[in-house]
Amino acid sequence: MIASFNDIPGSNNWSIAKPINKGWSDDKKYYIKTVDGKELLLRVSDITQYENKKKEFESLKLLINMDILMSRPIDFGICNNGQFVYSLLTWINGEDAEVILPKLDNKEQYNLGTKAGVFLKQIHRTPAPQNQPSWAERFNGKINKKIANYKACSIHFHGADRIIEYIEHNRSLLLNRPQSFQHGDYHVGNMIITPEGELGIVDFNRMDYGDPWEEFNRITFCVSTSPAFASGYINGYFDNKVPDLFFRLMALYIGINQLSSIPWAIPFGEEEVNIMLKQSQSVLKWYDDFKTYIPNWYVTNHD
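Engineer: So what about empty space enclosed by the protein? Which residues, and what values?
Structural biologist: According to the stated counting rule, one finds 2 cavities of 30 Å³ or more in the structure shown. Taken as a whole, the largest cavity encloses approximately 80 Å³ of empty space. Lining the largest cavity, in full, are Leu41, Arg43, Glu56, Phe57, Leu60, Ser71, Ser87, Leu89, Asp203, Phe204 and Asn205. Among the elements of the structure, β3 (39-46), α1 (50-62) and β5 (84-90) are those that each provide at least two residues to the lining of the largest cavity. Per-element accounting of the lining of the largest cavity gives the leading share, 3 residues, to α1. Residues belonging to the lining of the largest cavity are distributed by class as follows: 5 nonpolar, 3 polar and 3 charged. In this structure, the second largest cavity occupies an estimated 30 Å³ of space. Forming the walls of the second largest cavity are Asp27, Arg43, Ser45, Lys53, Glu56, Val85, Tyr86 and Ser87. Elements supplying a minimum of two residues to the lining of the second largest cavity: β3, α1 and β5.

Engineer: Which residues make up the sheet that holds strand β6 (residues 95-96), and what values do they have?
Structural biologist: Taken in spatial order, the 3 strands line up as β6-β8-β9 in an open sheet, and their pairing is antiparallel. A single partner strand is all that each edge strand has here, and the edge strands are β6 and β9 (199-201). Examined bridge by bridge, β6 and strand β8 (residues 191-193) share 2 bridges and lie antiparallel to one another. Residue pairing across strands places Glu95 opposite Ile193, the latter belonging to β8. Along the sheet, helix α3 (residues 106-123) makes contact with β8 and β9, crossing β9 at roughly 40°.

Engineer: Explain the sheet that holds strand β4 (residues 73-79) residue by residue, including any values.
Structural biologist: A sheet is described by the order of its strands in space; here 5 strands give the open sequence β1-β2-β3-β5-β4, paired in antiparallel fashion. Since the sheet does not close on itself, it has two edges, and those belong to β1 (14-20) and β4, each with one partner. This sheet shows a mean twist of 25° between the axes of neighbouring strands, independent of strand direction. In this structure, strand β2 (residues 28-34) lies alongside β3, joined through 6 bridges in antiparallel fashion. Its bridge partner lying in β3, Ile32 is registered against Leu40. Packing of α1 onto the sheet brings it into contact with β3, β4 and β5, and relative to β4 it is tilted by some 165°.

Engineer: Summarise unusual backbone geometry; cite the residues concerned and give the values.
Structural biologist: Positioned with a positive phi, Asn81 is a non-glycine residue whose angle comes to about 50°. Inspection of the secondary structure puts Asn81 in the loop between β4 and β5. Residue Asp288 is not a glycine yet carries a positive backbone phi of 50°. Of note, Asp288 is situated in the segment after α9 (270-286).

Reading the values: rules and limits
Residues numbered from 1 in each chain as written. Predicted model: local features only at pLDDT ≥ 70, side-chain atom pairs only at ≥ 80, totals over all residues. Heavy atoms only, no water. 1 Å grid on protein atoms, 1.4 Å probe; cavity = no way out; pocket = protein on both sides within 12 Å on 5 of 7 lines; lining within 4 Å. Points joined across faces, edges and corners; volume = space filled by probe spheres on them. Helix = DSSP H or I, 4+ residues; strand = E, 2+ residues; numbered from the N terminus. Nonpolar A, V, L, I, M, F, W, Y, C, P; charged D, E, K, R; others polar. Pairing = 2+ DSSP bridges. Contact = heavy atoms within 4.5 Å. Axes fitted to C-alpha atoms, helices over the stretch in contact; angles between N-to-C directions.

These results come straight from atomic positions and should not be treated as a statement about function.
Set out below in structure tokens:
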């Protein structure tokens, strides 16, 4: 396996290159250990992804001075006789947050959630490029497409009409929203907890620019692992002063995500569809069939 990477500078000093087989990304990922004991993360993609991967790598450099435990960029280039593009990053040692969180007490879960919120606030300090179309224009286009895809797909769920009604009534909230750098997939599945109990953030490969609050559309995955973490995450982001507008928008972003998750899941098979259908019913319960916009698991603090 190491031989196929021999045109990556420094690869002759690697003693281990072990494939990592998890996550939804198309990248091939490897745990690398060098002869002098350094641990690294190698991501390899098809050469057709060169421009996307270069943009991703350059974007990570924008975050390099932030006080966040994350995979930091080291090297980028082409390997395997021009067939692949690679990114070499620092390795974060620890276990998946979704595995560790349920083993901790509620207060510890909440405190790690507040750290996730504080980290995300820092990430959002990086502004979007000036030439972005307005958020309302961009996201209304996405809403139209996602509602159409849901209506056209073969599987529907009870309560979807309530979600669509809520979205249609609240589109005006998208006007004049600011845009910033986004992690793109910010939830417990892309977080690590170190042996010392620190929180680390990984997998920026879906990074984008948009309304910073849209990042909370993946909080559904946090809630299913730890509602205390999810509450801490919101409160940490807003330093315990959460605006009403945030909850209204989060409900809209979560709602449209639930609609689009069904057509997304169909190609992956029945098991994935059932997971998303179950999640949709949970979300409808949180919001009392979207008659309210503050989810029922949310708490203002954790004493």
